[in-house]
Amino acid sequence: MIGFEYYNPAKIVFGEESEKRLKSLLAEYKVKSLLLVYSGDFIKSLGIYSVIQDAVKELNLRFLENGNVVPNPSIDLVRDLVQQGKTNGVDFVLAVGGGSSIDTAKAVALGIPYAGDVWDFFSKGVSPERVLPIGVIATTASSGSETSNAAILSNGEWKLGFEDDRIIPKFAIMNPKYTVELPEYQTFVGVADVLSHLLERYFSDEKYSDTTDYLIEGAIRALLVNADKLIENPKDIHARGEIQWLASVAHGGFLDAGRRADWGSHRIEHELSAQYNITHGEGMAVVFVAWTKYMAYQKPWRLALLAERVFHVDSYNYTITERALILSKKLAEFFKKLKLATTLSELHIGDEHFDAMAARAVRNGKVGHYVPLDASAIKKILKLAL
C-alpha cells in the first residue's frame, strides 16, 4: 500500500425529502446571489424548481438561472455564465442534474473570480486563487461529480479535465426519487459510468492494497446486483438509491486509498466523445471491453483477479490470460444486457480519426498507470473496439 492523503469535505444529504434541506444549506453559506445551472425543464416537472424558488424568496437572494447545459458540456456556455456571474455578483453556484450540469457549475465557480479565460484552468493547468462555493441537487446516478474534485469540459476539439479539491461541492442533495423517471438509456449509461470509475481504480499495479481491493470488488458486486434489479423493475426505488450512492462512492476519492488508479481508458474515451459527441458512459463500455482484451496479453494479473473474485472464474480451469479474456467477455455481456453498444461499429464509428485521436491523447506523454499507453497502443485498443 502506497502512502496517501484522503480529503473530501462534501456534505451528503441523502434520501427522501432531502431537498428540503436546501434553504438551510444556502443560509449556512450566507449566499446573497445565486446562479442555478441545469439542463432543460425536467427540474420543474420533478418539483425541484419550486423548492429552489421558495428558498430564494425566503432568503431574499438575487437569482440567475440557465437551463442550457448539454452533454459533453461546452466552454462557450461556461464563458457566458462567467460573464453573467461577474456582472451580477454571484457568490454561489447551484447545479441541478448530472455530471454535465455539475461540471459546468464547477467551471463557472472557477471562472467568476478569475481575471483571465476560464479555459486556462483546463488547457494550461492554472491554479485558482479563489473558487466560488458550489452546491448540487443530483438527479442522476452516474458521474459522481457531486462529490469529486474534477470537472471535464470540451471546446469542440479538446475534451480536458481539471482537478482541485476546492471544486468539490460543499453539499450534495441526493433524493433517489428524482432518478425514477430517467429514460432507460440514461439510467444504464449512468450505470456504465459508475462501473468505469470503479474499474479505473481497481486496475492498479499496487499489489498490497487489500482493503481497497475488497471495497471496490464489493461496490462492483452491489452495482451488478442492483442493475439487474432495475432491468427487472425500472421503478425500484431501493435499487436506484443504491446506485445513486454507488456513483458517489465510486468517484469521491476514498477508493484511491493506497493505490494509483489507471485512467488510461478514460483518456481514450475522452477523445472519442470529443470527436463524435457520444455519451460518455456508453463510450466507456466500448473502451473497457477493448482495453481488457488488450491488457489480457500485456499485464493480465489484475484482470484475472477481478474475474475470479467478482465473476467466479476458477483459476484451476483457466490460465491467467484466459481469465483476463473472460473478464472482457463478462463486461461485454453486462453492457449488452444494459442495451449499450460494446463496439465502435455499433456507434457508426470507423478508424478514420484513430491517428489524430491517439496523438491528442498522448500530447502530454503516455496515458494510464497500470500499463502506460503510447499512441501506438491506443490505436491498437481502438482497433480492438471496432
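Here the structure is shown first, and the text comes after it.
Residues numbered from 1 in each chain as written. Predicted model: local features only at pLDDT ≥ 70, side-chain atom pairs only at ≥ 80, totals over all residues. Heavy atoms only, no water.

**Q** Where do I start with a nonpolar patch on the surface in this structure?
**A** Taken together, the side chains of Met1, Phe4, Tyr6, Leu215 and Phe254 present a nonpolar region at the surface, about 520 Å² in accessible area. Within the secondary structure layout, Leu215 lies in helix α8 (residues 210-232). Classification of Leu215 by relative accessible area gives partly exposed; the value is 39%. (Patch = residues over 30% accessible without salt bridge, like charges linked within 9 Å, V, L, I, M, F, W, Y side chains within 5 Å. Areas by Shrake-Rupley, 256 points an atom, 1.4 Å probe, with all protein chains shown as cover. Salt bridge = Lys/Arg side-chain N within 4 Å of Asp/Glu carboxyl O. Helix = DSSP H or I, 4+ residues; strand = E, 2+ residues; numbered from the N terminus. Buried < 20%, exposed > 50% of the residue type's maximum accessible area, 1.4 Å probe, protein only.)

**Q** What is the right way to read the side chain of Arg201 from this model?
**A** Considering the arrangement of structural elements, one finds Arg201 in helix α7 (residues 184-202). Residue Arg201 is classed as buried on the basis of its relative accessible area of 3%. Engagement of the side chain of Arg201 in a polar contact is seen with the backbone oxygen of His197, the distance being 3.4 Å. A distance of 2.8 Å separates a polar atom in the side chain of Arg201 from the backbone oxygen of Ala250. Setting aside anything within four residues of it in sequence, one finds Arg201 in contact with Ile216, Ala250, His251, Gly253, Leu255, Asp256, Arg259, Ala261 and Trp263. (Polar contact = N/O pair within 3.5 Å; in protein donor to acceptor, adjacent residues only side chain to side chain. Contact = heavy atoms within 4.5 Å.)

**Q** Is there a simple way to think about the environment of Glu157 in this case?
**A** Relative to the helices and strands, Glu157 resides in the loop between β6 (150-154) and β7 (159-163). Residue Glu157 is classed as partly exposed on the basis of its relative accessible area, which comes to 43%. Put simply, Glu157 and Gly283 are 126 residues apart on the chain and 17 Å apart in space, counted from C-alpha to C-alpha. Every residue in contact with Glu157, bar those within four places of it in the chain, is listed here: Ala274 and Arg360.

**Q** Can you help me understand the sheet that holds strand β1 (residues 11-14) in this one?
**A** Within a sheet, adjacent strands bond to each other through the backbone by hydrogen bonds, running parallel or antiparallel. With parallel pairing, the six strands of this open sheet are ordered in space as β1-β8-β5-β4-β2-β3. Every interior strand has two partners, whereas the edge strands, β1 and β3 (62-66), have only one. Between one strand axis and the next, the sheet turns through 15° on average, direction left out of account. The pairing of strand β2 (residues 33-37) with β3 spans five bridges and is classified as parallel. (Pairing = 2+ DSSP bridges. Axes fitted to C-alpha atoms, helices over the stretch in contact; angles between N-to-C directions.)

These figures capture arrangement, not role.
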